[in-house]
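Here's the letter readout for the chains.
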Amino acid sequence: MFLVRYAYAELTRRRARTVLAVLALAVGVAVVVGVGSAARAVDEAQREVLDPLGTLGTDLTLTRPVQVGGGGLLDLGPEEQALLEAENGTAAFEFDNLGDPGEPFERDVFLPATQLTFPEEEAARAAQIDGVEAVAAGLTVVVLHQEGLVPAPEDLAEAQRLGPAALNRLDFTFDTWTMAGIDPEGGSLALAEAGQVSSGRFLEAGERGAVLASDAWAARRGIEAGDELRIAGREYTVVGTVRERLGAQAADAYLPLAELQELAEREGRINLLAVRAERSELVGDVEEALAGLVDGAQVGASADVADRVSGSLVDAADLSAGLARVVLIVSLIAAAAIAVLVTLGSVSQRTREIGTLRAIGWSPRRVVGQVLGESLVIGTLGALVGSALGAGAVWLVARRGIELEASGASAPAIAGLESVPAAFGIGELATVNETISVVPQATPELLLAGGLLALGAGLVAGLAGAWRAARIEPAEALRRVG
Amino acid sequence: MNTVTGHVTPPALQLGGLRREFSDGSETVVAVAEATATIDAGTVTSIIGPSGSGKTTLLQLLGLLDTPTAGKLAVLGQEAARMSAAERTRLRRDRIGFVFQHFNLVPTLTARENVEAALVGTGASRQERRERSSIMLDRVGLADRAGHLPQQLSGGEQQRVAIARALVGNPAIILADEPTGNLDEQTGQDVIELLLGLVRTSDTALVMITHDPAVARRADHHLRMQAGHLEEVLPEPEPPAAAPVPQPAPGRMARIVRRLRGGRRG
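Residues numbered from 1 in each chain as written. Chains lettered and ligands numbered in written order. Predicted model: local features only at pLDDT ≥ 70, side-chain atom pairs only at ≥ 80, totals over all residues. Heavy atoms only, no water.

Chemist: If you had to explain the overall build of chain A to someone new, which residues and values would you point to?
Modeler: Each helix and strand counted, chain A has 14 helices and 16 strands in total. By the burial criterion, 50% of the 482 residues in chain A qualify as buried. Here the contacts in chain A between residues at least 6 apart in sequence split such that 84% fall between residues at least 24 apart. Roughly 21,700 Å² of accessible area belongs to chain A as shown, and the carbon and sulfur atoms make up 55% of that amount. (Helix = DSSP H or I, 4+ residues; strand = E, 2+ residues; numbered from the N terminus. Buried < 20%, exposed > 50% of the residue type's maximum accessible area, 1.4 Å probe, protein only. Contact = heavy atoms within 4.5 Å. Areas by Shrake-Rupley, 256 points an atom, 1.4 Å probe, with all protein chains shown as cover.)

Have a look at this one:
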């Protein structure tokens, strides 16, 4: 084919022009592949982070919160206080039975904090609701560890009158942590699951004397798997530690539900019910049915939890969604524009040549085909070189690795705890951070898309050049000298 | 008009009141005014005239590269005005050859490819195109330069490639626009000898624009363009001191080719 030889001669003997056009398209393709891969990788990383939050859209939680004002527990309304007292009395503030004032003491008190309990049978009732796939019951409590000298009643009364901050004046120390009773077989619906284990092992159903520690709490307390813990006078073995789930509800320590119920003297009581709907469109009905199950119940959707996730990962994902599109479009337009300009420049430079070919009997269609063919070859070369450049760049970035961080709002296993004053250190909730390696990959789809876009840009450039070539009048072209 | 047994051979070119105006909206320039002439097959016609007199415009009209504003033009008996653009392109490809002052070779194609370009679309196979191009290059003395790019050739060689390109399709008409205008005197003389020799051996009509009286004198007919007007004139007399112009003779072509092969000058 003469036209092929002619195109080959043009492209190889006008090398600088060809290289410029190919490079312009190649850079465009490389940007498409690179940015596309990065955006995809960030999306996947975000999905990886958010997936453990539950099957978003189908998970619901039922709790029975107590509205707590700015004054803390002491500000509770009479009805709410009565409910709390009925459950746990005011044990944390009663020192009468510990001994005489000034005598040393040590005890663990289980506070219900801000969630009221409800009967465990409600879990079975919830499971009967149409559209419910699974339920998992949980009990979360705050463990208040007190150790020191029994305060005199008048000192205690004074401290209570002055407010929570004055409790620090009393001659004993305290420590708090959150503890959750979970169904070890509750899977992702439970507050912790086997997949979160970072050391040791997970709890087994029916197991006694075993406790799990969260990584953060274990680090704070210097606890490791295999250590012994004394809780409310009983000995426990830390059988393992678990990672916090980003944005999900979490506690410092986990026990099987029945054991915590017994330990905290809340037999048959739970304060958290996780429910999974069969399908997202059933969530509304299930939510309504759940709300009517328990007086004062509050039903929340797991999807809300995802909103609490923030950090560079989410920023990057949000950025990648919009920016990637803009970068892709701009780079493609720039690449196509350069290719068009190079092609138009080439046609302009070849005006006399085109006029001569027309004079010796080349039809306009043949000339147009020649220009178009050359541009398509440039487009193909741009696609190949660009794909290689893009894949190489992606490989280099993947090899070096990008790390983005996702932060979850501190996991309030106990809803409303944020507003509890720091009297017992309860207000200090750890933020869960998760670092994710973003590994971009130049997928065949991206390479194909980049290649097609380069060909498209080459076609546009070719059409522009061909349009210009077709408009060249041979008589006018031949008047050109040089 | 020449008569061939059984049928009439039409003139190669027949012009009747051919006119070409250019207008930029406010001013109209008459490049060719009422040009009338008949150019028979197998004849050599020179067109002389000062720069800007409309010679090149006339040649482009004759080569169907431009459309007259008025008047009639028949190419090989076909009315140009009745031809479609495609028919004009086909006629140029199959029956007309062009030789330009600046050679107008495609710079990225070799000498053979430049010649072959004139056969593209004629239906000739690739092998046939290559063979005919090689033969034509051999006839102009450039067989050993077939694979060279134009920039690797001297001006004379480039013009010989252009002549090969013009003749490879066995055209009925060759239109040459100052074919020696960009060459030194000796090379120009060699090139014109070659062109005339090739044309004289066929029934091709050659119309050439030239500023060189010596070249013009080699023609059978002499036309002069003056401010767009075309008129037939007698050839300028030879200057007294000028050497007698040799006439084409058997074996002369071979000598020219040998000389051209021996010394390549720009």
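Next comes the rest of the description.
Chemist: An account of the environment of Ala232(A) is needed here, citing residue identities and associated values.
Modeler: All names here are of chain A. Structurally, Ala232 is set in the loop between strand S8 (228-231) and strand S9 (234-242). The partly exposed category is assigned to Ala232, whose relative accessible area is 31%. The sequence separation of Ala232 and Asp108 amounts to 124 residues, and the corresponding C-alpha distance is 5.0 Å.

Chemist: Before we move on, could you go through the nonpolar core and cite the residues and values that matter?
Modeler: Among the nonpolar cores identified, the biggest contains 52 residues, and Trp362(A), Leu137(B), Val140(B), Val161(B), Ile163(B), Leu206(B) and Met208(B) are the most heavily contacted of them. A per-element tally of this core places helix H6 (residues 185-200) of chain B first, with seven residues. Those residues in contact with Val161(B) that sit more than four places away from it in its chain are Leu105(B), Ala111(B), Asn114(B), Val115(B), Leu137(B), Leu142(B) and Leu153(B). Grouped together as the second largest cluster of nonpolar side chains are 39 residues, Leu60(A), Ala126(A), Ala264(A) and Val294(A) included. (Core = buried A, V, L, I, M, F, W, Y, C linked by side-chain atoms within 4.5 Å.)

Chemist: Just give me the short version of H6(B), but keep the residues and values in it.
Modeler: All names here are of chain B. The end-to-end C-alpha separation of H6 is 22 Å, in line with the 22 Å expected for 16 residues at 1.5 Å each. Most of H6 sits out of view: twelve of its 16 residues are buried. Within H6 the residues assigned to the buried category are Thr187, Gly188, Asp190, Val191, Ile192, Glu193, Leu194, Leu195, Leu196, Gly197, Leu198 and Val199. For H6, the capping residue at the N-terminal end is Asp184, with a side-chain oxygen 3.2 Å from the backbone nitrogen of Gln186. (Expected span 1.5 Å × (residues − 1). Polar contact = N/O pair within 3.5 Å; in protein donor to acceptor, adjacent residues only side chain to side chain.)

Chemist: Could you give an account of a nonpolar patch on the surface, with specific residues and numbers?
Modeler: Among the surface-exposed residues, Val377(A), Leu381(A), Leu384(A), Val385(A) and Leu389(A) lie close enough to one another that they form a single nonpolar patch of about 390 Å² accessible area. Looking at where Leu389(A) falls in the secondary structure, it is placed in helix H12 (residues 364-400). (Patch = residues over 30% accessible without salt bridge, like charges linked within 9 Å, V, L, I, M, F, W, Y side chains within 5 Å. Salt bridge = Lys/Arg side-chain N within 4 Å of Asp/Glu carboxyl O.)

Chemist: Provide a residue-level description of the confidence of the model for chain B, including the pertinent values.
Modeler: Residue and element names in this part refer to chain B. On average, residues of chain B score 85 in pLDDT, and 87% of them are at 70 or above. By mean pLDDT, the top-scoring element of chain B is helix H3 (residues 111-116) (96), and the lowest-scoring one is strand S1 (residues 2-4) (35). Every residue in residues 1-7 is under pLDDT 50, and counting partners more than four places away or in other chains gives eight contacts. (pLDDT = per-residue confidence, 0-100.)

Chemist: If you had to explain the pairing of strand S5 (residues 44-48) of chain B to someone new, which residues and values would you point to?
Modeler: Residues and elements named next belong to chain B. Counting buried positions over the five residues of S5 gives five, a clear majority of the element. The alternating pattern of S5 places Val44, Ser46 and Ile48 and Thr45 and Ile47 on opposite faces, both of which are buried. Of the strand pairs in this sheet, S5 and strand S10 (residues 205-209) are connected by four bridges, and their pairing is parallel. Bridge assignment links Ile47 to a residue of S10, and that residue is Ile209. Both S5 and strand S11 (residues 221-226) contribute to a ladder of four bridges, which runs parallel. Residue Ile47 lies in a different strand from S11, and its bridge partner there is Leu223. (Pairing = 2+ DSSP bridges.)

Chemist: Which residues make up the interface of chain B and chain A, and what values do they have?
Modeler: Listed as interface residues are 28 residues of chain B and, on the opposing side, 23 residues of chain A. Counting each side, the surface lost to burial between chain B and chain A is near 2,400 Å², with a carbon and sulfur contribution of 58%. With its nearest N and O atoms 3.9 Å apart, the salt bridge here joins Arg13(A) to Glu113(B). Summed over the shared surface of chain B and chain A, the result is nine residue pairs in polar contact (both at pLDDT 80 or more). Of all the secondary-structure elements, those providing two or more residues to the side of chain B that touches chain A are helix H1 (55-62), helix H2 (85-95), H3 and helix H4 (126-139) of chain B. (Buried area = accessible area lost by both parts, 1.4 Å probe.)

Chemist: A description of the pattern of salt bridges should follow, citing residues and the corresponding values.
Modeler: Within the structure shown, the criterion is met by 26 salt bridges over all chains. One salt bridge connects Arg17(A) with Glu10(A), and the closest N-O pair in it is separated by 3.9 Å. A relative accessible area of 14% means that Arg17(A) is categorised as buried. For the salt bridge of Arg20(B) with Asp66(B), the shortest nitrogen-to-oxygen distance reads 2.9 Å. With Arg20(B) in strand S3 (residues 13-23) and Asp66(B) in the loop between H1 and strand S6 (70-75), this residue pair connects regions lying 46 residues apart in the sequence. As far as burial versus exposure is concerned, Arg20(B) and Asp66(B) are alike and both buried.

Chemist: For the packing of helix H5 (residues 155-167) of chain B against H6(B), give the residues involved together with the corresponding values.
Modeler: Residue and element names in this part refer to chain B. Two elements in contact, H5 and H6, have axes separated by 10 Å at closest approach and are oriented at 15 degrees. Considered as vectors, H5 and H6 are oriented roughly parallel to each other. With respect to the hand of their crossing, H5 and H6 are arranged in right-handed fashion. Counted together, Gly156, Gln159, Arg160, Ile163 and Leu167 of H5 and Thr187, Val191, Leu194, Leu195 and Leu198 of H6 form the full contact between these two elements. Partitioned by chemical class, the residues of the contact of H5 with H6 number six nonpolar, three polar and one charged. (Axes fitted to C-alpha atoms, helices over the stretch in contact; angles between N-to-C directions. Parallel < 35°, antiparallel > 145°, perpendicular 65-115°, else oblique. Left-handed = near helix turned anticlockwise from the far one by under 90°. Nonpolar A, V, L, I, M, F, W, Y, C, P; charged D, E, K, R; others polar.)

Chemist: Any details on the packing of H12(A) against helix H13 (residues 444-470) of chain A? Residues and values, ideally.
Modeler: All names here are of chain A. Where H12 contacts H13, the two axes come as close as 7 Å, and the packing angle between them is 155 degrees. As the angle between them shows, H12 and H13 are arranged roughly antiparallel. Like other packed secondary-structure pairs, H12 and H13 cross with a definite hand, here right-handed.

Chemist: Quick rundown of a negative patch on the surface? Include the residues and the values.
Modeler: All names here are of chain A. A cluster of acidic residues, Asp130, Glu133, Glu278, Asp285, Glu287 and Glu288, forms a negative patch on the protein surface. Broken down by element, the residue count for the negative patch peaks at three residues, all from helix H8 (residues 283-291). Relative to the elements of secondary structure, Asp285 occurs in helix H8. When its relative accessible area of 53% is taken as the criterion, Asp285 is described as exposed. (Lys, Arg positive; Asp, Glu negative; His and termini not counted. Charge placed at Lys NZ, Arg CZ, Asp CG, Glu CD.)

Chemist: How would you sum up unusual backbone geometry? Please name residues and give values.
Modeler: Positive phi, close to 50 degrees, is recorded for Ala232(A), a residue that is not glycine. Despite not being glycine, Glu34(B) shows a phi value in the positive range, around 50 degrees. The topology assignment puts Glu34(B) in strand S4 (residues 28-39).

Chemist: Describe the packing of aromatic side chains, naming the residues involved and giving the relevant values.
Modeler: All names here are of chain A. One pass over the full model with this rule turns up five aromatic pairs over all chains. Look at Phe2 and Tyr6: their rings are 6.3 Å apart centre to centre, the planes differ by 45 degrees, and that puts the pair in the tilted class. With Phe2 and Tyr6 both in helix H1 (residues 2-13) and four residues apart, the pair spans about one turn of that helix. Classification of Tyr6 by relative accessible area gives buried; the value is 1%. Ring geometry for Trp177 against Trp217: centres 5.3 Å apart, planes inclined by 35 degrees, an arrangement best described as tilted. Taken together, the residues span a long stretch of sequence, with Trp177 in strand S5 (residues 172-182) and Trp217 in helix H6 (residues 215-221) at a distance of 40 residues. Comparing Trp177 with Trp217, the two get one shared label, buried. Through a chain of ring-to-ring contacts, the aromatic side chains of Phe2, Tyr6 and Trp362 assemble into a single cluster. The ring of Trp177 has Arg221 lying over it, and the distance from NZ or CZ to the ring centre is 5.0 Å. (Phe/Tyr/Trp six-rings, centres within 6.5 Å; stacked < 30°, edge-to-face > 60°. Lys NZ or Arg CZ within 6 Å of the ring centre and 35° of its normal.)

Chemist: Hey, could you go over the side chain of Ser133(B) for me, with residue numbers and the actual values?
Modeler: All names here are of chain B. Within the secondary structure, Ser133 sits in helix H4. Of the polar contacts made by the side chain of Ser133, one reaches the backbone oxygen of Arg129; its length is 2.7 Å. Residues contacting Ser133, with those up to four places away along its chain left out, are Arg112, Val115, Glu116, Leu119 and Val168.

Chemist: Describe the environment of Val330(A), and please don't skip the residues or the numbers.
Modeler: Residue and element names in this part refer to chain A. Among the structural elements, Val330 can be located in helix H10 (residues 312-349). Assessed through its relative accessible area of 49%, Val330 is described here as partly exposed. Taking the C-alpha atoms as reference, Val330 lies 10.0 Å from Val31; in sequence the two are 299 residues apart.

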